[in-house]
Amino acid sequence: MTWLAELGQELRAARKSTGLSQAALAAQARISRSTIARLESGRLPELGATSARRLLQAVGLDLRVSTYNRGRPTLDDLVEERESGAGTPTHSTAGPT
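## A closer look at the overall build of the protein chain
Part 1: The helix and strand tally for the protein chain stands at 5 helices and 0 strands.
Part 2: If you list the helices and strands of the protein chain from N to C, you get α-α-α-α-α.
Part 3: Sorting the 97 residues of the protein chain into buried and exposed places 27% on the buried side.
Part 4: Split by element, the accessible area of the protein chain, about 7400 Å² in all, is 50% carbon and sulfur.

Spelled out as structure tokens, the structure:
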């Protein structure tokens, strides 16, 4: 999945959770409804940074730039692993009792 398709999925989920229609989001972000529909369906070939920022802000999301992690787990990965029980330590880090 491309980053733009992933962005579209996140945008759709956030839009629906805020109760906005595509038309209402389009008006608020000053972007055509058809662009939003194509983005949410993964059929938009490209999207400018200003348009992405306006769309995301309208639904309460933010776009962040970070250093590429080169395959290292993210904090979200580690939290998910811990919650699933796969990351349970085999040794105790607690001091003497």
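Now that the structure has been shown, the text picks up again.
## With respect to the packing of helix α2 (residues 22-29) against helix α3 (residues 33-40)
Part 1: Closest axis-to-axis distance for the α2/α3 pair is 8 Å, and the angle between their directions is 115°. In this structure, α2 meets α3 at a crossing whose hand is right-handed. Contacts between α2 and α3 involve Gln22, Ala23, Leu25 and Ala26 from the former and Arg33, Ile36, Ala37 and Glu40 from the latter.
Part 2: Each residue belonging to the contact of α2 with α3 can be placed in one class, and the counts come to 5 nonpolar, 1 polar and 2 charged.

## Let's talk about a nonpolar patch on the surface
Part 1: Residues Leu75, Leu78 and Val79 make up a contiguous nonpolar surface patch of about 280 Å² in total accessible area.
Part 2: With respect to the helices and strands, the residue leucine 78 is situated in helix α5 (residues 75-83).
Part 3: The exposure class of leucine 78 is partly exposed, given its relative accessible area of 43%.

## Some words on the side chain of glutamate 40
Part 1: On the secondary structure map, glutamate 40 appears in helix α3.
Part 2: On the basis of relative accessible area, glutamate 40 is assigned to the buried category, the value being 3%.
Part 3: A distance of 2.7 Å separates polar atoms of two side chains, one belonging to glutamate 40 and the other to arginine 15.
Part 4: With near-sequence residues (within four places) excluded, glutamate 40 lies in contact with Gly8, Leu11, Arg12, Arg15 and Gln22.

Definitions and cut-offs
- Every chain's residues receive numbers from 1 upward, in the order its sequence appears when written.
- In keeping with the model being predicted, local features are shown solely for residues with a pLDDT of at least 70 and side-chain atom pairs are shown and tallied solely at 80 or more, while totals for entire chains, interfaces and linings include all residues.
- To get the side-chain values, all heavy atoms of the structure are used, and hydrogens and water are removed first.
- Helix and strand assignments come from DSSP, with helices taken as H or I runs of at least 4 residues and strands as E runs of at least 2, each series counted from the N terminus.
- Burial classes follow relative accessibility: with a 1.4 Å probe on protein chains only, a residue under 20% of its type's maximum area counts as buried, one over 50% as exposed, and anything between as partly exposed.
- Here the accessible surface of atoms and residues is derived via Shrake-Rupley with a 1.4 Å probe, and residues count as covered only by protein chains that are part of the display.
- Orientation is described by lines fitted to C-alpha atoms, with helices fitted over the stretch in contact, and by angles between N-to-C directions that extend from 0 to 180 degrees.
- Each crossing gets its handedness from the near helix: less than a right angle anticlockwise from the far helix is left-handed, clockwise is right-handed.
- When checking whether two residues touch, look at their non-hydrogen atoms; a contact exists if any pair is within 4.5 Å.
- Classification used: nonpolar for Ala, Val, Leu, Ile, Met, Phe, Trp, Tyr, Cys and Pro, charged for Asp, Glu, Lys and Arg, polar for all others including Gly.
- Any residue with relative accessible area above 30% and no salt bridge may belong to a patch, with like charges joined within 9 Å and the nonpolar Val, Leu, Ile, Met, Phe, Trp and Tyr side chains within 5 Å.
- Salt bridges are defined by distance alone: a side-chain nitrogen of Lys or Arg within 4 Å of a carboxyl oxygen of Asp or Glu.
- Whenever a nitrogen or oxygen atom comes within 3.5 Å of another N or O atom, the pair is scored as a polar contact, on the condition that within protein one atom can donate a hydrogen and the other can accept it, and that pairs from neighbouring residues in sequence are kept only if both atoms are in side chains.

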